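Now for the letters of each chain:
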Amino acid sequence: MFGLKLNEAKSMFFDSRKVLSSTDKTKRRILSKFGAYVRRTARSSIRKRKKVSPPGKPPTNRTGFLKRFIYFGYDTAHQSVVIGPVRLNSKVGDAPQALELGGKSTVVSGLKKKRKKKTISIAARPFIRPAMEKELPKLPQMWRGSIK
């Protein structure tokens, strides 16, 4: 190192812009793959049947909407992946969150002219967190040898 000129020494260091660009691309790629695995596992845990699932088990999905509308996306602000069901055009209730964590949700029943809103309590029927915990051991293997 003592016999090198300044330009020669600079060329040996990491190009921070190049390294950061490579790690950002890799992080997005790996977290997207992880999000896809968690989404697949969450979808496969939800059963379509007429019977209500017991509290603590993944929810039953009679119509298929919950299972069909589970998505994942990369959050650039936090550099993380967000996985979960999206909210449809409903203006009332928060059923997906209430299913995952337990809580209250508003249910609308009746015809257009005679609609009634009713608040109900929902016992937790987690499906995203167990899917993430099942796939989490695979994450270190995904990172192995990923930055080149």
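Here, every reference points to the structure presented above.
Described below are features of the structure shown in this document. Bear in mind that the values here come from a model prediction, so they are computed numbers and not experimental data.

Phi at Gln 79 is positive, roughly 50 degrees, even though this residue is not glycine. Turning to its location among the elements, Gln 79 is positioned in the loop between strand E1 (70-75) and strand E2 (80-85). The class for Gln 79 is partly exposed, based on a relative accessible area of 37%.

Attention now moves to the pattern of salt bridges. Enumeration over the complete set of coordinates arrives at two salt bridges. Arg 40 is the salt-bridge partner of Glu 135, the closest N and O atoms lying 3.9 Å from each other. Of this pair, Glu 135 sits in helix H5 (residues 128-135) while Arg 40 sits in helix H2 (residues 16-45), and the two are 95 residues apart along the sequence. Accessibility expressed as a relative area gives 45% for Arg 40, which makes it partly exposed. Across the pair Lys 138 and Glu 135 runs a salt bridge whose closest N-O atoms are separated by 3.0 Å. What you see here is one network of salt bridges that share partners, running through Arg 40, Glu 135 and Lys 138.

Parameters at a glance
- Residues numbered from 1 in each chain as written.
- Predicted model: local features only at pLDDT ≥ 70, side-chain atom pairs only at ≥ 80, totals over all residues.
- Heavy atoms only, no water.
- Helix = DSSP H or I, 4+ residues; strand = E, 2+ residues; numbered from the N terminus.
- Buried < 20%, exposed > 50% of the residue type's maximum accessible area, 1.4 Å probe, protein only.
- Salt bridge = Lys/Arg side-chain N within 4 Å of Asp/Glu carboxyl O.

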